[in-house]
Amino acid sequence: MPSLFSPLQLGTLQLPNRIWMAPLTRCRAEEGHLPGPLMAQYYGQRAGAGLIVAEATMVLEGNSSFWHEPGIYNQAQIEGWRLTTEAVHRAGGHIVLQLWHGGRACHPLLNAGRQPVAPSPIAISGETLHTPEGKQAYVLPRELRDEELPAIVEGFRLAARAAMAAGFDGVEIHGANGYLLDAFLRDGSNRRSGPYGGPIEQRARLLLEVLEAVATETPLMGLRLSPLNGYNAMGDSDPIGLITWLAQRLNQLPVAYLHLMRGDFLGQQQGDVLSPVREHYKGVLVANMGYTAEEAAAAIASGAVDAVAFGSAFLANPDLPERFRRGAALNNPDPASFYGPGPVGYTDYPSLEPQP
Ligand code: PHB
């Protein structure tokens, strides 16, 4: 029976354990969405993960949904990210980059006045985001025209190429949590007619085009989905039908792993999305959201999933796998410093053993 510490083959990578680091928006990039040495130190400290999924990163300029989030659309960013990939590889780890387009979660105040874009003109309601001018409500997005979508697909493709140039082991496509690709997938946010709206196979078209394009640039591509998550005012009339269809369809593409959020940040939408994926999808299945070490070990031992990604626990415990191995106490994450700025609550969480 596999344990948390059994190796896992992922494409050509041999991962040393099944304790992954989930992508975490930390807002520590420098001006110009530039990853710097502080980020390299943070990721290097966490190289003991089976795989690090580095935080959501902008594929196209002008689509920022978090202040100080990183990008991967210019040469300076490639060079900035190289500090991170070198730090992780030097420490013996593996790292992929999560690629995203924020869609309707972008805000004019973060994007030189530019109105966000989305499948349909429906704003995120009831939530706010942090901007240079304080907390702001989300704004009404502009509906993308079908003719604009190839440029978005191309943005993802070029970002994957840039990620490989920066030394990443692969990329993860962000198809979750209400950002652009997820907003197309789910019928609460996609009310389009035409080839990119309507039935599941049409709402999934943009995601599938992105996956096909990105696969030409990288040897290792994963995908993150969150069919039940209500965060960012998301919903779907049939989340289980959606994930079951995708689990089957993804077998026709080189998607090495599916990274599945099992629940809802808001605790409202219920259901079992892991079982249909396990039944139909042939790649590596990674689960995420609120697992303890014990629960993760049981899920892996039973064969329900292949690996588990930890978010806030990894944020607060750079040596999380070693702590699990020893049964050691965990540091508690401090939400006040999740979104920056600076090293406090970022690179200063202690390890059991002193780190370089
Ligand atoms: C967040 O920081 O709140 C956040 C970022 C990206 C996600 C989900 C949540 O995919």
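Just so we're clear, the structure is a prediction, and the values are computed from it rather than from any experiment. (Residues numbered from 1 in each chain as written. Predicted model: local features only at pLDDT ≥ 70, side-chain atom pairs only at ≥ 80, totals over all residues. Heavy atoms only, no water.)

K.L.:
Help me understand the nonpolar core, please; the structure alone is not making it clear to me.
P.N.:
A general trend in soluble globular proteins is that nonpolar side chains are found buried together. Membership of the largest hydrophobic core comes to 84 residues, with the highest contact counts inside it found for Y43, L99, I173, L211 and F310. Per element, the largest residue contribution to this core is eight residues, and it comes from helix α3 (residues 149-165). Beyond its immediate chain neighbours, meaning those up to four positions away, F310 contacts I19, W20, M21, A22, N288, Y291, T292, A293, A296, L320 and F324. With 15 residues, the next largest nonpolar core counts W20, L51, V53 and Y257 among its residues. (Core = buried A, V, L, I, M, F, W, Y, C linked by side-chain atoms within 4.5 Å. Buried < 20%, exposed > 50% of the residue type's maximum accessible area, 1.4 Å probe, protein only. Helix = DSSP H or I, 4+ residues; strand = E, 2+ residues; numbered from the N terminus. Contact = heavy atoms within 4.5 Å.)

K.L.:
Mind showing me how you'd approach the site of the ligand here?
P.N.:
Neighbouring the ligand are T25, F66, W100, H174, N177, Y179, Y231 and Y339. The contact in question runs from an oxygen atom of the ligand to an N or O atom on the side chain of Y339, over 2.6 Å. Its residues placed into classes, the shell around the ligand shows five nonpolar, three polar and no charged. (Near = heavy atom within 4 Å. Polar contact = N/O pair within 3.5 Å; in protein donor to acceptor, adjacent residues only side chain to side chain. Nonpolar A, V, L, I, M, F, W, Y, C, P; charged D, E, K, R; others polar.)

K.L.:
Even after reading the chapter, I still don't get the packing of helix α1 (residues 37-45) against helix α2 (residues 75-90), so can you show me in this structure?
P.N.:
When two helices pack together, their arrangement is given by the angle between the helix axes and the distance between those axes. At a minimum axis separation of 8 Å, α1 and α2 run at an interaxial angle of 25°. On the basis of the axis angle, α1 is roughly parallel to α2. The handedness of the crossing between α1 and α2 comes out as right-handed. Residue-level inspection shows P37, M39, A40, Y43 and G44 of α1 in contact with α2, the latter providing W81, L83, T84, A87 and V88. (Axes fitted to C-alpha atoms, helices over the stretch in contact; angles between N-to-C directions. Parallel < 35°, antiparallel > 145°, perpendicular 65-115°, else oblique. Left-handed = near helix turned anticlockwise from the far one by under 90°.)

K.L.:
Could you clarify how one ought to interpret the pairing of strand β4 (residues 52-58) in this entry?
P.N.:
Moving residue by residue along a regular strand, the side chains alternate between the two faces of the sheet. The buried count for β4 comes to seven of seven residues, which makes it a mostly enclosed element. Direction of pairing for β4 relative to strand β5 (residues 95-100): parallel, over a ladder of five bridges. Residue pairing across strands places I52 opposite I95, the latter belonging to β5. (Pairing = 2+ DSSP bridges.)

K.L.:
Any chance you could explain the pattern of salt bridges here in plain terms?
P.N.:
A side chain of one charge can pair with a side chain of the opposite charge if their charged atoms are brought near each other. Tallied over the full model, the rule gives 15 salt bridges. Taking the shortest distance from any N to any O, the salt bridge between D146 and R192 comes out at 2.6 Å. Of the two residues, D146 sits in the loop between β9 (142-143) and α3 while R192 sits in the loop between α4 (180-185) and α5 (200-203), which places them 46 residues apart along the sequence. With a relative accessible area of 27%, D146 lands in the partly exposed category. (Salt bridge = Lys/Arg side-chain N within 4 Å of Asp/Glu carboxyl O.)

K.L.:
For this particular structure, what's the right way to read the packing of α3 against helix α6 (residues 205-215)?
P.N.:
At a minimum axis distance of 8 Å, the contact between α3 and α6 shows a crossing angle of 35°. Every pair of crossing elements has a handedness; the one defined by α3 and α6 is right-handed. Between α3 and α6, the residues in contact are L149, V153, F156, R157 and A160 and L206, E209, V210, A213 and V214, respectively. For the contact of α3 with α6, the residue count by class is eight nonpolar, no polar and two charged.

Purely geometric numbers; function is a separate question.
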